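# Understanding the architecture of this molecule
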Amino acid sequence: MRTDVIALGELLIDFTMNGTSSQGNPLFEANPGGAPCNVLAMLQKLNKNTKFIGKVGNDQFGHMLRSTIEEVGIDSSYLLNDSDIPTTLAFVHTLPDGDRDFSFYRKPGADLMLRDTDINEEMFEDASIFHFGTLSMTTPEITKATLKAVEIAKSKGMIISLDPNLRPPLWSSLELAKEQMLKAISLCDVLKISDNEIQFVSGLEDYDEGIKFLQDKFNTKLICLTLGKDGSRAYYNGMRVEVSGFAQANVIDTTGAGDTFCGCVLNYICEHGLDNLTEDNLTSMLTFANAAASLVTTKRGAIKSMPNPNEVEELIDRTNS
């Protein structure tokens, strides 16, 4: 069976705030997460075939993560276990506006133990898109593994997709973060980048100027810029298309919204390709992705909270009626 999308990167537990105990202590819910697998979980909801490459600890959290991605349909054949290093954990503190602050337990975490010797050509046989992020480029060893995967995927003619997913606490310096993000962007055909990330990587406040900075430097075919609740933009072949967001009154947790959006974009590319896209194509793609991203913010976590296509279409129809 052909694989639509293969992703590589971090798979971890997001502990999200979920009220307080009777003693007044904060309660945290253990939600399976990690940006690359969040993307794949959305693709599975859209009936695509996906595989994940990564490493978790040989512990209760690692076992939980494996069973979770298998439950949603992601092929776990290339998910490895590390017997010495525990599964990476992230504590997500939700702010009053729904935004988040992260505390990571990853010095190291099992996801960082993936090595280039774990990557081989067989993983990429008969696949269409390879997706990754820069959290698998924070140390020299995991960077080597990631770049080997990109090189093999390119040699197979696969479309390369990137979500930088900047998390400052996970980098030894912001200078290294910027350097690695630019290196990763130079390798991709499809870039999903957020408003704060384009400002960070370009050094420019204006989003369009930041995108132009990347376009002048690299040959990225499609750049999708996410603007939070304000929607998103697509930059493609000289076109700039913007679609408003879908406001939700009951936002609980914005974790995974960008990954949901990214999964929808990759789904559109699976079905329509990356050549000869029109303004109408880009508008349809962004509309669906924006709606799906807004729906995931009404639940905690990401992998198990992805909306199904009927829910997304119903939201679009309600908004347009």
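Structure: above.
Residues numbered from 1 in each chain as written. Predicted model: local features only at pLDDT ≥ 70, side-chain atom pairs only at ≥ 80, totals over all residues. Heavy atoms only, no water.

## Quick word on the layout of surface pockets
Size it by volume and the second largest pocket reaches roughly 180 Å³. Tallied by class, residues from the lining of the second largest pocket come to five nonpolar, three polar and two charged. (1 Å grid on protein atoms, 1.4 Å probe; cavity = no way out; pocket = protein on both sides within 12 Å on 5 of 7 lines; lining within 4 Å. Points joined across faces, edges and corners; volume = space filled by probe spheres on them. Nonpolar A, V, L, I, M, F, W, Y, C, P; charged D, E, K, R; others polar.)

## Side note on the sheet that holds strand 8 (residues 127-133)
One open sheet accounts for nine strands, arranged 5-4-1-8-9-10-11-12-13; its pairing is mixed. Edge positions in the sheet fall to strand 5 (75-82) and strand 13 (239-243), since each of these pairs with one other strand and no more. Ignoring which end each strand starts from, the neighbouring axes of this sheet average 15 degrees apart. Two strands pair when backbone bridges link them, and strand 10 (residues 190-194) and strand 11 (residues 222-226) are joined in this way by five bridges, in the parallel orientation. Looking at strand 11, one finds that Leu191 is bridged to Ile223. The sheet strands contacting helix 5 (residues 195-202) are strand 9 (159-163), strand 10 and strand 11, and the helix crosses strand 10 at an angle near 100 degrees. Against the sheet, helix 6 (residues 207-217) contacts strand 10, strand 11, strand 12 (232-236) and strand 13, and its axis sits at roughly 30 degrees relative to strand 12. (Pairing = 2+ DSSP bridges. Helix = DSSP H or I, 4+ residues; strand = E, 2+ residues; numbered from the N terminus. Axes fitted to C-alpha atoms, helices over the stretch in contact; angles between N-to-C directions. Contact = heavy atoms within 4.5 Å.)

## Side note on empty space enclosed by the protein
Under the criterion given, the structure shown has one cavity of 30 Å³ or more. When its volume is computed, the largest cavity comes out at roughly 40 Å³. Considering the residues around the largest cavity, the lining is formed by Glu10, Ala35, Pro36, His131, Phe132, Gly133, Thr134, Leu135, Asp163 and Asn165. Considering each element in turn, the lining of the largest cavity owes the most residues, three residues, to strand 8.

## Overview of the environment of Asn281
Relative to the helices and strands, Asn281 is located in helix 8 (residues 279-296). Look at Asn281 and you get buried, because its relative accessible area is 19%. Separated by 228 residues in the primary sequence, Asn281 and Ile53 have C-alpha atoms spaced 31 Å apart. Excluding residues within four positions of it along the chain, Asn281 makes contact with Tyr268 and Asn276. (Buried < 20%, exposed > 50% of the residue type's maximum accessible area, 1.4 Å probe, protein only.)

## Observations regarding the nonpolar core
Counting 55 residues, the largest nonpolar core has Leu11, Phe52, Leu222, Val265, Leu266, Ile269 and Met285 as the members making the most contacts within it. Examining the composition of this core, we find that ten residues originate from one element, helix 8, more than from any other. Every residue in contact with Met285, bar those within four places of it in the chain, is listed here: Leu222, Cys224, Ala234, Val265 and Tyr268. (Core = buried A, V, L, I, M, F, W, Y, C linked by side-chain atoms within 4.5 Å.)

## Some words on unusual backbone geometry
Following Lys107, the chain continues into Pro108 via a peptide bond in cis, with omega recorded as -5 degrees. Note that Pro108 resides in the loop between strand 7 (100-105) and strand 8. The phi torsion at Asp126 lies on the positive side, around 55 degrees, for a residue other than glycine. Here Asp126 is to be found in the loop between strand 7 and strand 8. Positive phi is not limited to glycine here, since Asn165 has a value of about 50 degrees. Summarising the element assignment, Asn165 is placed in the loop between strand 9 and helix 4 (174-185).

None of the figures reported here should be taken as evidence of function without further support.
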